[in-house]
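Residue-level structural notes
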Amino acid sequence: MCGIVGLTGKDIRVKELVKALKKLEYRGYDSAGIAFQDKENVYVKKEKGRILNLENMLGDINEKIVESCIAHTRWATHGEPSELNAHPHTDCTGKIAVVHNGIIENYMEIKHALIEKGHRFSSETDTEVIAHLIEEYYYGDLQKAVSHAILDLSGAYAIAVIHNDHPGEIIAARKGSPLVLGKNDDKAILASDVTPALKYTREMIFLEDGDIAHLSENKIEIFSVNGTRINRQSTLINWDEESAEKGGFEHFMLKEIFDEPQSIRSALMGKISDEKVVFKELDSISENISKTKKINVIACGTSYHAGLIFKKFIEDYANTEVEIDVASEFRYKNNIIDTDSIVIAISQSGETTDTLEGVRKAKSKGAKIIAITNIVGSTISREADAVIYLNAGLEIGVAATKTYVTQLTILYLLGTYIAALKNVSKDKLNKIILNMMDMPTVIENILSYAPDVCLQLAKEFYKYKHFMYIGRGYSYPSALEGALKLKEISYIHASAYQAGELKHGPIALLDDEFPVFAIVPDDELKKKTLSNVIETKARNAKIVGICTEGDKEVSKIINSRIEVPKTIDALYPLIMSPFLQLFAYYVSILRKYDPDKPRNLAKSVTVE
Ligand code: AGP
């Protein structure tokens, strides 16, 4: 996720755009850049790191009056965070400058074709191809050139373009990434969300996929790709600036749960082709993966829970042994690892010290390391042999939500990829692939009713001091993750057990003051789990549960329940996640805590 902003009109100083860009810093901050046009030329300035670094570097230029300008704050996806890869990107002539939020999936093919035609590239980004494509199609009409260029792109984009020979004009286009437009009597603005535009107007136009916008002074015109004029209604935005940053949600955590369909979509992008899973990132070690007899996984916290689901998935689908360790244990134990070993290290931040030390230890024994992380340029991404990015977008809430569901998405795909390398039947794997392709829509539907259901249940349960989460098979890691979310943000003591373990001790804890959160999907272990639930009921424990839609057997036992759509056994953890997260979220709210800033916790644990 990156942020883009553009401004044109009367008396614009560079510092005005920098200020607007700062409103988008939450969308990424590994580098920032600006392109502005005075009456003669387009100039580009970029800097690694936060927007403040750019502002300091600009110095006197901040006061310069310009005709139009565009800017970008980056969250790297293609190419490490560096000044060179920072936006805006330009064409060979330096006359065209482009900022982009999104991912161009076919940029490699386009890049090769453009290099053949003589274009010279200076960055590793997918975005630079857009500037060169516009150059290729430019014959004096910038809007036409942009319209032509976007027809060649597949993937997602929101772009803004300025050209040396078009002072005061900005051309913008979108497909799959957000873009908002607004204007007042003197100026027109575009931005990735409404926050930078609120200073100018409360009437916003939300660009739709396929729209091309032409901004000049205080004018906004919208066209289709073939040049037909389109009328888009504006929307009145009543948010203050703080809630606008959170997309109108009360907390980042809630916003990030609602980001999940889009994050899963981004994680899937480019990974499924011809009904097969592709991981170009793994090309260099695919031989090692096919030969290996055992895979090791290391991770902490929520990432560890995602790893537990992966372990079961790989054992079920690829018939390959997986050993998983919490990274803080792995780094100090005698690991049976050698040059044939594959170690998968899962870390959202890519900076968790224990996971990094585990990686270093495994590497020193000759293992090949696959890192799964959300942060391009993170330490783990630099030290691993191969890196798979989550592309979940920046997560600000300390409790992992959208990064957990994207970890699961990537891990299911990786499991399917490994199973294919191990010659598992296509039919078995196709079922997973087809279901995964539907996941963004399934989660979108779930989010249309889940908040109400979870709020009601939270009202029933938020006063309890303890919780016991239980599940079997794929639902045991879900129980661990549900309990962790509740502990983290509501400070209720919550533990998780394999449902079959209750009678070996934990059941002694239960009474009418100690409720049970039972995870009982309609999978091959349902009857077993249900009989454990009945045992807890006999101890007077109140039960809240998750089951499959329309499951009468479960609904007879559990009154306070959440119902999820039917899916393949292995995929239940993914569709249950929003419910577990929302239940914890509302309990935290009802207990009057701030779920975005839980006490004693940091987003990334860079100490031992
Ligand atoms: C999850 O809600 C927590 N914030 C925490 O358990 C986290 O998953 C853990 O610290 C690992 O972080 P990482 O994925 O960045 O390595």
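We now turn to the structure provided with this report. (Residues numbered from 1 in each chain as written. Predicted model: local features only at pLDDT ≥ 70, side-chain atom pairs only at ≥ 80, totals over all residues. Heavy atoms only, no water.)

1. What about the nonpolar core?
Membership of the largest hydrophobic core comes to 92 residues, with the highest contact counts inside it found for Leu282, Ile344, Leu414, Phe467, Tyr469, Phe517 and Phe583. The two domains that each donate at least three residues to this core are domain 2 (246-446) and domain 3 (449-595). (Core = buried A, V, L, I, M, F, W, Y, C linked by side-chain atoms within 4.5 Å. Buried < 20%, exposed > 50% of the residue type's maximum accessible area, 1.4 Å probe, protein only. Domains from an automatic or database assignment.)

2. Some words on the site of the ligand
The immediate surroundings of the ligand are formed by 15 residues, with Ser303, Ser347, Gln348, Ser349 and Thr352 found nearest. Here an oxygen atom of the ligand sits 2.6 Å away from a polar atom, N or O, in the side chain of Ser347. Note that an oxygen atom of the ligand is positioned 2.4 Å from one of the side-chain N or O atoms of Thr352. For the ligand, whose unbound accessible area comes to 420 Å², protein coverage reaches 91%. Those elements giving two or more residues to the shell around the ligand turn out to be α10 (301-317) and α16 (475-490). A breakdown of the residues in the shell around the ligand according to their chemical character gives 6 nonpolar, 7 polar and 2 charged. (Near = heavy atom within 4 Å. Polar contact = N/O pair within 3.5 Å; in protein donor to acceptor, adjacent residues only side chain to side chain. Areas by Shrake-Rupley, 256 points an atom, 1.4 Å probe, with all protein chains shown as cover. Helix = DSSP H or I, 4+ residues; strand = E, 2+ residues; numbered from the N terminus. Nonpolar A, V, L, I, M, F, W, Y, C, P; charged D, E, K, R; others polar.)

3. Quick notes on the pairing of strand β4 (residues 65-74)
Most of β4 is tucked away, with 8 of its 10 residues classed as buried. Both strand β1 (residues 3-13) and β4 contribute to a ladder of 8 bridges, which runs antiparallel. By the bridge assignment, Ile12 is partnered in β4 with Val66. Summarising the sheet, strand β2 (residues 31-37) and β4 pair through 7 bridges and their orientation is antiparallel. Looking at β4, one finds that Ser31 is bridged to Arg74. (Pairing = 2+ DSSP bridges.)

4. Here we look at the pattern of salt bridges
Counted by the stated rule, this structure contains 38 salt bridges. Of the charged contacts, one joins Glu217 and Lys10 as a salt bridge, the two residues approaching to 3.9 Å between their closest N and O atoms. Taken together, the positions of Glu217 in the loop between β12 (212-216) and β13 (219-223) and Lys10 in strand β1 put the pair 207 residues apart, joining distant regions of the chain. Lys333 is paired through a salt bridge with Asp325; the nearest N and O atoms lie 3.0 Å apart. Under the relative-accessibility criterion, Lys333 is labelled partly exposed at 28%. Asp325 gets classed as buried once you look at its relative accessible area, which sits at 11%. In the salt-bridge network here, residues are joined through shared partners; they are Asp522, Lys526, Lys527, Asp551, Glu553 and Lys566. (Salt bridge = Lys/Arg side-chain N within 4 Å of Asp/Glu carboxyl O.)

5. A word on the sheet that holds strand β23 (residues 466-471)
In spatial order, the strands read β24-β23-β25-β26-β27; together these 5 strands make up an open sheet with parallel pairing. Edge positions in the sheet fall to β24 (493-498) and β27 (560-564), since each of these pairs with one other strand and no more. Strand-to-strand twist across the sheet, computed as the mean angle between neighbouring axes with direction ignored, equals 15°. Bridging between β23 and strand β25 (residues 516-520) involves 3 bridges; their strand directions are parallel. Looking at the pairing, Met468 lines up with Val516 of β25. Sitting on the sheet, helix α19 (residues 572-590) is in contact with β23, β25, β26 (543-548) and β27, with an inclination near 140° to β27. (Axes fitted to C-alpha atoms, helices over the stretch in contact; angles between N-to-C directions. Contact = heavy atoms within 4.5 Å.)

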